[in-house]
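# Tertiary structure, described
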Amino acid sequence: MKTIMIPSRFRTAVLLATLLPLTSFALNGRIRSLDTPEGRYLRLDDLEEQWPMRHETTGDNRILLGDRKYRFELTAGSRGARLNGTLLYLHHPPVRDPEGNWFLHRLDLERSLASYFRTDSLYPDPVRRIMIDPGHGGSDPGARGQTLLEKEVNLAVARQVAARLRAAGFDVVMTRDDDSEPRLTERSALVRSVNADLFVSIHQNAATNRNAAGIETFCVTPPGAENPDDPMSRRKNDCPGHRFERNSLRLAAGIQSRLLQNTGALDRGVKRARFWVLRMSDCPAVLVECGFISNAGEEQKLARDDYREQLAEAIASGILQYCRELEEL
């Protein structure tokens, strides 16, 4: 075993482990912690005495953490984790102390792992009405490919998602069902006005790098968090999250997993961002980037009816999976 797995930027500022109460979930006892410039890290073996999860080290740098249903694969020094095989980005990398003890950042424990191992942190309200949001529209075409406009692909996929959810018995509301252009404020206001229980925004990605490819799904960044995936990261303290952050993560991970299974696309991961429609929706909310319209190969797929059906089936299936899991809480 290596003597230490604490990133170099922490090494001069990590304090001796201290015992601190973990009050967010009204736990009993105290949790040993490490204070770093990036915030407080909590010791896993202390936490396991009160959370229904266990961990095992599988190498100098890797750890498996979870229960029979959900397993996280973590790597010391890396934000990239795997949840049942699907890539999910943490806010901060896990660290190990000189004795080999594992510590996770408090924010990741409270906002990510708690979504699976402290289900009392979730809102269990049943899902009846789902809002599907085809991104862009009207004079805003979104991203442009060689032949496709993002707004058109978004609407085609969204209509099929809505049809599948209606067939499953849900009340579905679309933010647009034509080439109209609802503003961002109107989309989020509609969520509240119709009392939607879920919000799913459908988009296609684009990049100046024409080789960029794959699928990624976003949920809201918690307050106080800063990460490179968030275009509004600098506003970490003045953009509040909302009470459905943990539900949103579970919804995003479920949709991302089903999309990868259905399409075989590159996994770009579950990420966090402070997009308007995510932070202003008063319900669990996710934004799905179904592929890169700027990538010639992916644009060809997105032009095919059968591939759009695969995307729609996966998104609807991920939503249904989330609803079933919520019923089992």
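Up top you'll find the structure we're talking about.
In this report, we go over the structure that sits alongside the text. Everything quoted here is computed from the prediction, not taken from an experiment. (Residues numbered from 1 in each chain as written. Predicted model: local features only at pLDDT ≥ 70, side-chain atom pairs only at ≥ 80, totals over all residues. Heavy atoms only, no water.)

### What about the packing of aromatic side chains?
Per the counting criterion, the structure on display carries five aromatic pairs. Geometrically, the ring pair formed by Phe72 and Tyr116 is edge-to-face, given 5.8 Å between the ring centres and 70° between the ring planes. You can see Phe72 sitting in strand S6 (residues 71–75) and its partner Tyr116 sitting in helix H3 (residues 106–117), a full 44 residues away along the chain. The same class applies to Phe72 as to Tyr116, namely buried. Consider the rings of Tyr123 and Phe244, whose centres lie 5.1 Å apart with planes at 50°: the pair is tilted. A residue pair is termed long-range when its members are at least 10 positions apart, and Tyr123 in the loop between H3 and strand S11 (129–134) and Phe244 in the loop between strand S14 (215–220) and helix H6 (245–263) qualify at 121 residues. In this structure Phe244 comes out as buried when scored by relative accessible area, which is 7%. Ring pairs connect the aromatic residues Tyr70, Phe72, Tyr116 and Phe117, which therefore count as one cluster. (Phe/Tyr/Trp six-rings, centres within 6.5 Å; stacked < 30°, edge-to-face > 60°. Helix = DSSP H or I, 4+ residues; strand = E, 2+ residues; numbered from the N terminus. Buried < 20%, exposed > 50% of the residue type's maximum accessible area, 1.4 Å probe, protein only.)

### Examining the layout of surface pockets
By volume, the largest pocket amounts to about 250 Å³. Elements with a minimum of two residues in the lining of the largest pocket: helix H5 (184–193), strand S13 (198–205) and helix H7 (276–279). For the lining of the largest pocket, the class distribution of residues is six nonpolar, four polar and four charged. Here the second largest pocket is characterised by a volume of approximately 200 Å³. Around the second largest pocket, the lining is made up of 18 residues, and of these Ala196, Asp197, Phe244, Asp282 and Cys283 lie nearest the centre. Only H5 and helix H9 (305–328) provide two or more residues apiece to the lining of the second largest pocket. For the lining of the second largest pocket, the residue count by class is eleven nonpolar, two polar and five charged. (1 Å grid on protein atoms, 1.4 Å probe; cavity = no way out; pocket = protein on both sides within 12 Å on 5 of 7 lines; lining within 4 Å. Points joined across faces, edges and corners; volume = space filled by probe spheres on them. Nonpolar A, V, L, I, M, F, W, Y, C, P; charged D, E, K, R; others polar.)

### Description of the packing of H3 against H6
Packing of H3 against H6 leaves a shortest axis separation of 9 Å and a crossing angle of 65°. The angle between H3 and H6 places the two elements in the roughly perpendicular class. As H3 packs across H6, the resulting crossing turns out to be right-handed. Seen from H3, the contacting residues are Glu110, Arg111, Ser112, Ala114, Ser115 and Tyr116; seen from H6, they are Glu245, Arg246, Leu249, Arg250 and Ala253. Within the contact of H3 with H6, the residues separate by chemical class into four nonpolar, two polar and five charged. (Axes fitted to C-alpha atoms, helices over the stretch in contact; angles between N-to-C directions. Parallel < 35°, antiparallel > 145°, perpendicular 65-115°, else oblique. Left-handed = near helix turned anticlockwise from the far one by under 90°. Contact = heavy atoms within 4.5 Å.)

### A look at the nonpolar core
In terms of nonpolar packing, the biggest core is built from 66 residues, with Ile132, Val161, Val200, Ile315 and Ile319 touching the most fellow members. A per-element tally of this core places H9 first, with ten residues. Contact partners of Ile319, with chain neighbours within four places excluded, come to Ile130, Ile132, Val161, Leu165, Leu198, Val200, Leu251 and Ile255. Formed by 13 residues, the second largest nonpolar core is a distinct cluster that contains Val191, Val194, Val220 and Leu287. (Core = buried A, V, L, I, M, F, W, Y, C linked by side-chain atoms within 4.5 Å.)

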